[in-house]
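Chain by chain, the residues run as shown.
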Amino acid sequence: MTTAERPAASAPHGRYPTERVPAHARDLHLTDSVRSARDDARAQGGQSGEWMPYLPASGSPYRPPGVDPAALVWAETVAPGGYTHKALARGTRLRFDDPTGDACAHLLLFNALEPVERLNVADTLKIPWQAYLGENHPLLSGDGRVLAVVSDDSSGRHDAFCGTSTDAWNERKYGDARPEGPAPSGRGLFLKAAAKHGLGRRDLPPGVSFFQGVRVGADGTLGWRGSAGPGTHVELVAEMPLLVLVANVAHPLDPRPDYVVGPLRVHAWRGAPTGPDEPRFTATPELHRAYLNTVDYCEARGL
Amino acid sequence: MATTRTGNTPVTFPTASGGTVASTVPVGAVHAPGSPLDRGASLVEGAVVLDDTVAPNAPWSAVVRRGHVLTIVDVGGNQSADCLLYDADDPEERYSVPDTLAWQGNAYVRTGTVLRSNEGRALMTVVANEIDRQDTIGGACGKESNTLRYGHHVMFQHGCRENFLAEAGRRGLGVRDLVSNLNWFMNVPVEADGALGIVDGMSAPGRRVAVRADRDVLVLVSNCPQMNNPCNDFNPTPLRMLVVDPAAVAGGTRSAAAAGTLGGTA
Ligand SMILES: [Zn+2]
């Protein structure tokens, strides 16, 4: 019965110095007793990798310019095909960086205190009378409030039409959608991120994505425009306590046959929500009323 | 097939649909070329109800009907099969490590171990086992707990908790339904001074364990992707999941062996 099956390609997280898992990987480890296994495990500490969270966040090697390290509350590089999630205080600044031009930050936002309140993409486009996300564009909930606002944007290539990929889409496009595989769907990753906050399938609304642009043609055609190149960023202000889910996966309309997505950097730091004296607060009548609703909710809750 | 990653250069992987895709995603490692694999056979006689192969790194689930026997084959040897059990009709009743251990008065799982629920009742029973002892102390690996064990650089490696969450989600279950689990073919000794940890396994290609369902049971399995400790021999291999109905032996007659092993289960 013993056979040697065709092995799948191996890319073991760069763990091994050679290209493949050694035929006798066990030879690299001494793990024949609890004590030796413990020593083996502990010897692995202190390494860094291409994608990882940086703790404490103040020690991030990629701290955004001008940000006080002591104010950082989140610093992480999300792997291609990876996801992350965090609950953030009201006022927190959240920044995504695309170092390679191939990141695609799919985003879902919830009111962290009452997650039934969540991103409403239709309102996010309809209320501001604008289809394309950019500076001062609010990310609105279905309850008439500003969950977050885009406070800075050096990319201009974003999308609020296509949402994220599903298993069915990726299976058709790549022949694979397994969350542990080479072509995970955004929804599959959001499900795992949501689960870690007690949320499930019905809690995942349509989302937005940053860094891979889509434009609507005159006939309605959704045209993928790709990224603005390496080194762009988007910054948000959390106007409410936020639960943030991020999936870094290929955009559904990415025309490349390969599943190409680059690492995504995430930083967040303490700050204040947009205040009534700031021009953004009253920039448009709709935004003004959305901010009044938001402040009303937050003040009643003692936030 | 290039396997070196530099920047955003895609690497070619086999797909679930049988093709290939080039991808920049850092997926988990699988067994080295030439690893010996033995797919074995069911440990008890019966009509085959299900015969699945679980790829390295992948999750799996199935409902095993009352009286049916699930044989898990450690195809490549020392491959941890992290496993959770639920009453198929009432998943709030689920596998319980302390109930299983306290009822039998022993910390290890062997032939005869009744796998009990959080209500103290039998979900499944180990009816045959080809390694010295099976583990239910060591729990499942996960992205988050891996950072405690090995460092933050492993955060984006795949883990069993990820598999459990993904597969549980397909069954209408979620994070609240994940509890401490079984680890078939994993070796977690408790030494005399209390030292406890995962050490080199005692299994080998083709070794098996067989569990009989004492009621309709939802079985969730994660084929463990861990590459930082010996629970998979640093060489993740497939698992074979074989379910047979011993009461319906092909040909219509129950063999004496099967009847003896499974007497009184109807
Ligand atoms: Zn595991």
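See above for the structure.
Residues numbered from 1 in each chain as written. Chains lettered and ligands numbered in written order. Predicted model: local features only at pLDDT ≥ 70, side-chain atom pairs only at ≥ 80, totals over all residues. Heavy atoms only, no water.

> Looking at this structure, I do not really get the interface of chain A and chain B. What am I missing?
Think of interface size as the accessible area that goes away when the parts come together; that is how it is often given. Counting residues at the interface gives 73 residues for chain A and 71 residues for chain B. Counting the surface lost from both chain A and chain B, the interface buries some 5900 Å², and carbon and sulfur atoms represent 59% of this. Where A:Lys192 meets B:Glu162, a salt bridge forms, and the shortest distance between an N and an O atom there is 3.0 Å. In this assembly, chain A and chain B are joined by 17 residue pairs in polar contact (both at pLDDT 80 or more). Of all the secondary structure elements, the ones that give two or more residues to the side of chain A that touches chain B are strand E1 (2-3), helix H1 (34-42), strand E2 (72-78), strand E3 (83-88) and helix H4 (186-195) of chain A. Examining the composition of the side of chain A that touches chain B, we find that five residues originate from one element, H1(A), more than from any other. Across the side of chain A that touches chain B, the residue classes tally to 33 nonpolar, 21 polar and 19 charged. (Contact = heavy atoms within 4.5 Å. Buried area = accessible area lost by both parts, 1.4 Å probe. Salt bridge = Lys/Arg side-chain N within 4 Å of Asp/Glu carboxyl O. Polar contact = N/O pair within 3.5 Å; in protein donor to acceptor, adjacent residues only side chain to side chain. Helix = DSSP H or I, 4+ residues; strand = E, 2+ residues; numbered from the N terminus. Nonpolar A, V, L, I, M, F, W, Y, C, P; charged D, E, K, R; others polar.)

> So what exactly am I meant to see when it comes to the sheet that holds strand E8 (residues 158-159) of chain A here?
Whenever strands of a sheet pair, they do so through backbone hydrogen bonds, lying parallel or antiparallel. All names here are of chain A. One open sheet accounts for five strands, arranged E3-E13-E5-E9-E8; its pairing is antiparallel. Only two strands of the sheet have a single neighbouring strand rather than two, namely E3 and E8. In the sheet, strand E5 (residues 105-111) pairs with strand E13 (residues 242-248) via seven bridges, with the strands oriented antiparallel. Across the sheet, residue Leu108 finds its bridge partner in E13, namely Leu245. Along the sheet face, H4 touches E3, E5 and E13 and points at about 145° away from the line of E13. (Pairing = 2+ DSSP bridges. Axes fitted to C-alpha atoms, helices over the stretch in contact; angles between N-to-C directions.)

> Would you mind going over the packing of aromatic side chains with me for this structure?
Where two aromatic rings form a pair, the distance of their centres and the angle of their planes describe that pair. All names here are of chain A. Counted according to the given criterion, the structure contains four aromatic pairs over all chains. Centre to centre, the rings of Phe281 and Tyr291 are 4.9 Å apart; their planes meet at 15°, and the pair counts as stacked. Separated by 10 residues along the polypeptide, Phe281 in the loop between strand E14 (264-269) and helix H5 (285-300) and Tyr291 in helix H5 bring together distant segments of the chain. For the pair formed by Phe281 and Tyr291, the shared burial category is buried. In this structure, Arg172 is placed above the aromatic ring of Trp169, and the distance from its NZ or CZ to the ring centre is 4.7 Å. (Phe/Tyr/Trp six-rings, centres within 6.5 Å; stacked < 30°, edge-to-face > 60°. Buried < 20%, exposed > 50% of the residue type's maximum accessible area, 1.4 Å probe, protein only. Lys NZ or Arg CZ within 6 Å of the ring centre and 35° of its normal.)

> How should I be thinking about the nonpolar core in this particular structure?
Where a protein is soluble and globular, its nonpolar side chains tend to be buried together. With 37 residues, the main nonpolar core has A:Phe96, A:Leu107, A:Phe210 and A:Leu236 as its most contacted residues. The contacts of A:Leu107, once residues within four sequence positions are left out, are A:Phe96, A:Leu119, A:Leu139, A:Phe190, A:Gly207, A:Val208, A:Phe210, A:Leu236, A:Val244, A:Leu245 and A:Val246. Counting 31 residues, the second largest nonpolar core, distinct from the first, contains B:Ile72, B:Cys83, B:Val97 and B:Leu123. (Core = buried A, V, L, I, M, F, W, Y, C linked by side-chain atoms within 4.5 Å.)

> It is not clear to me how the environment of B:Val54 should be interpreted in this structure. Could you clarify?
Residue and element names in this part refer to chain B. As for its placement among the helices and strands, Val54 is situated in strand E4 (residues 47-54). Taking relative accessible area as the criterion, Val54 reaches 1% and is therefore assigned buried. Separated by 151 residues in sequence, Val54 and Pro205 have C-alpha atoms that sit 15 Å apart. Each residue touching Val54, except ones within four places of it in the same chain, is listed here: Pro59, Trp60, Asn223, Pro238, Leu239 and Met241.

That is the geometry; function is a separate question.
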